[in-house]
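Next come the chains, spelled out residue by residue.
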Amino acid sequence: MLSNQYPEVPLEDKQRLFDQVKHDQRFDDYLYGCYECGICVAACPSARFYDFSPRKIAQTLAREDIEMFYEQMNDDIWNCSQCFSCLRCPRQNNPGGLITIMREVAVNNGLRSTKEALAGYTRIIYKIMTTGTQVSPDMLQEDAFPDWGPQVKEVAQHLDLWRRALPPETLHTTGLSWQVEERTMLELYTIWKLTGVLNMISELDEGLHDIMEEVMDDALEDQGFSVV
Amino acid sequence: MNPMEIPMVGRGTQPETTRTFIQDPDNAPDEDMREAVQALAREGEWIVQPVPEPYYAARTKYGRVKKIPFEKTWHHKSCGQCGHIPGYSTSIFWLNRFLGYDYFDPRDQTSCTAWNYYASATSNQVAQAAVAMRNFSAAYETGYFPIIHCGTSFGHYKEVRHELVHNHDLRRKVREVITKLGRPFVMPEELVHYSEWMYAIRDQLKSRVVYDLSDITATVHPACHYYKLQSGDAIYDPEIYGGQRTAAVTSVVQELGARVADYSTWYDCCGFGFRHILVQRDFTRSFATMRKIEVMKEEANPDVVLTHDTGCVTALDKSQFATQAHGRKVGVPVLSESQFAALAVGAHPYRVAQLHWHSTDYRPLLSKIGIDAEKAWTEFQEDLAQIEQGSMEYLSWESVL
Ligand code: SF4
Ligand code: SF4
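Participant: Hey, could you go over the domain arrangement of chain A for me, with residue numbers and the actual values?
Facilitator: Looking at the assigned domains, one finds that chain A contains domain 1 (11-109), domain 2 (117-132 + 180-222) and domain 3 (137-171). Put simply, the middle of domain 2 of chain A and the middle of domain 3 of chain A, counted by C-alpha atoms, are 25 Å apart.

This is how it looks when you write it as structure tokens:
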């Protein structure tokens, strides 16, 4: 399969990204070859909606087709729903898992297509990384979810009161999904810093990285947490 | 393998196959991860937190026994659930109290962060495993055993366990992080999803059902991350779908006396998509309605869709509004089986099941069950008035049991 979608990108750059994917410790566990049977495609929700195929992902990686790989890194991987229905593969491949690895490499290398795919999503990254919970009740706003109908407005209008009408004590929150202890958050910040995740964000969005670093460093310093 | 009657016949719709999957743990094609976890504990690699007794012995896909604790559970909450459909978790807690079980609802808990990982990949293997192990260690220190509310957290943690078992280097790196936090390095003996606990308590619930549910038809959406990720470790029962699909949710709903109807796209995902539900919902809306809700309606005409994951409830419920506006055949309420079970044994639809957080009209379902939605709403409004006036700070557990 030949691709000439990105002739302006030097082959060495494409090869470098491919090598990063291939050297991920999970790679060998996720790809054993491919029968081209298409069972993964039949199970794949994204294949029904987009011009997208987990079979092509597995094939491309197995054949080490660098040009096609680079095209998929830019045009395909963000279409995947990460449902892992493709784990039905009779060859024991994990196309969804291969895509997870490809996405990680795409983020680490700050690909433009990745920045575009994640535009609008960065506020969520901020939420999860700084609070330990991914979505909060106060995100339920009409302008963010117009397609969810008038009920979202209803929730937003009564949010504080409705949250207080929840019997579990940990759920009396509006800015977090549940109450998270301060120490717990500091431990989470420590994890992001020690494992290089915070640095990863700078490839994606430098401004976001700087804000989060400041929030985390201030909090860690205030509480005398040292991250070395 | 001899053909046999599928036990769903008469109560549900007969699946297309009549074969039963014969469970044979001695010939399971995959490795028993729990054994590997114990072996590593013997080598001093980590502490294994045992499942507290008494426990229920359930069967997984290939017939291995999985221990499901009844109580002393540490509730690993789910962000989507607690944030947007809090009746899901409230019902789980309420059922624990209803059955008199001791449980712990921690504040020393973060999300598994896998929603973000599957949406944006802005993390890595070591970080994801460290987040999991930090939570496990927090549970261990309380003496309560982790039970995981979210299908994605459950699936992701099973993946993390698999990776930690097989990758010494990863184990070392994660242990270093956890040690730096001053925490013990602990792996639970079992990874347990709340719907497995629901399966374990189904008999106890059956004897307490207060409504005749025989006229209620439900369709079940099995959550992808519950049984597709690390597929061997999910609950299967030869009496449910001939052991060919997970018994989670379906077994409980049938036990409560409702009818579970089959539909052809049961294996399809809900369309959540992780990234898509937040920033590309045209995909989610189309898939959730055209491949799931419309097919269910066409083939089974259910009164309710029941599932066991936060994301699935959200995607299947919220997607219906816009689709309805296009005049398509949707309009089925979506609940977790914990909410449905709570209602069946007499829980309040607003104080406990918190149905006002759901979008698709659930009132026809309530009235078919025999619950007076209007009266219940008036009662709930009175609670809200008391909170507003300051005579009650919060709605307390005492007032809902
Ligand atoms: S994980 Fe991705 S590739 Fe696999 S079935 Fe789901 S959407 Fe398709
Ligand atoms: S199911 Fe597996 S073997 Fe078949 S096409 Fe997909 S990746 Fe290849």
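Still more ground to cover, so stick around.
Participant: A description of the packing of aromatic side chains should follow, citing residues and the corresponding values.
Facilitator: All told, the structure shown has 30 aromatic pairs over all chains when counted by the stated rule. Aromatic pair Y117 of chain B and Y118 of chain B: ring centres 6.0 Å apart, planes at 40 degrees, arrangement tilted. Their ring planes at 90 degrees and their centres at 5.0 Å tell us that F272 of chain B and F274 of chain B sit as a pair that is edge-to-face. Like F274 of chain B, F272 of chain B is buried. Taken together, the ring pairs connect F84 of chain A together with W115, Y117, Y118, F272 and F274 of chain B into an aromatic cluster. Its guanidinium or amino end placed over the ring of Y144 of chain B, K72 of chain B lies 4.4 Å from that ring's centre, counting from NZ or CZ. Over the ring of Y199 of chain B we find R202 of chain B; its NZ or CZ atom is 3.9 Å from the centre of that ring.

Participant: Now, about the site of ligand 1: what can you tell me, with residues and values included?
Facilitator: All names here are of chain A. Within the structure, ligand 1 sits among 14 residues, and C44, C80, S81, C83 and C86 are positioned closest to it. Mapped onto the shell around ligand 1, the elements with two or more residues apiece are α4 (45-49) and α7 (95-108). Per-class residue counts for the shell around ligand 1 are nine nonpolar, five polar and no charged.

Participant: Pulling in residues and values, what's your account of the sheet that holds strand β4 (residues 73-76) of chain B?
Facilitator: All names here are of chain B. Pairing within the open sheet is parallel, and its three strands lie in the order β5-β4-β6. The strands lining the two open edges of the sheet, one partner per strand, are β5 (103-104) and β6 (145-148). On the sheet, helix α3 (residues 87-98) packs against β4 and β5 and is oriented at approximately 165 degrees with respect to β4.

Participant: Tell me about the nonpolar core, and please be specific about residues and values.
Facilitator: Counting residues in hydrophobic clusters, the biggest one holds 204 residues, and the most contacted among them are L61 and M129 of chain A together with W46, V174 and F340 of chain B. Contact partners of L61 of chain A, with chain neighbours within four places excluded, come to F18, V21, F27, L31, F69, L98 and M102 of chain A.

Participant: Explain a negative patch on the surface to me, and be specific about the residues and the numbers.
Facilitator: Residue and element names in this part refer to chain A. Taken together, E182, E203, E206, D210, E214, D218, E221 and D222 make up a surface patch of like negative charges. Counting through the fold element by element, D210 comes out in helix α13 (residues 206-222). For D210, a relative accessible area of 41% translates into the label partly exposed.

Participant: Summarise the environment of V180 of chain A; cite the residues concerned and give the values.
Facilitator: When you line up the elements, V180 of chain A lands in the loop between α10 (150-164) and α11 (182-194). For the pair formed by V180 of chain A and T170 of chain A, sequence separation is ten residues and the distance between their alpha carbons is 8.3 Å. Dropping the residues within four chain positions of it, V180 of chain A is found in contact with T131, T133 and M185 of chain A together with R107 and Q109 of chain B.

Parameters and conventions
Residues numbered from 1 in each chain as written. Chains lettered and ligands numbered in written order. Predicted model: local features only at pLDDT ≥ 70, side-chain atom pairs only at ≥ 80, totals over all residues. Heavy atoms only, no water. Domains from an automatic or database assignment. Phe/Tyr/Trp six-rings, centres within 6.5 Å; stacked < 30°, edge-to-face > 60°. Buried < 20%, exposed > 50% of the residue type's maximum accessible area, 1.4 Å probe, protein only. Lys NZ or Arg CZ within 6 Å of the ring centre and 35° of its normal. Near = heavy atom within 4 Å. Helix = DSSP H or I, 4+ residues; strand = E, 2+ residues; numbered from the N terminus. Nonpolar A, V, L, I, M, F, W, Y, C, P; charged D, E, K, R; others polar. Pairing = 2+ DSSP bridges. Contact = heavy atoms within 4.5 Å. Axes fitted to C-alpha atoms, helices over the stretch in contact; angles between N-to-C directions. Core = buried A, V, L, I, M, F, W, Y, C linked by side-chain atoms within 4.5 Å. Patch = residues over 30% accessible without salt bridge, like charges linked within 9 Å, V, L, I, M, F, W, Y side chains within 5 Å. Areas by Shrake-Rupley, 256 points an atom, 1.4 Å probe, with all protein chains shown as cover. Salt bridge = Lys/Arg side-chain N within 4 Å of Asp/Glu carboxyl O. Lys, Arg positive; Asp, Glu negative; His and termini not counted. Charge placed at Lys NZ, Arg CZ, Asp CG, Glu CD.

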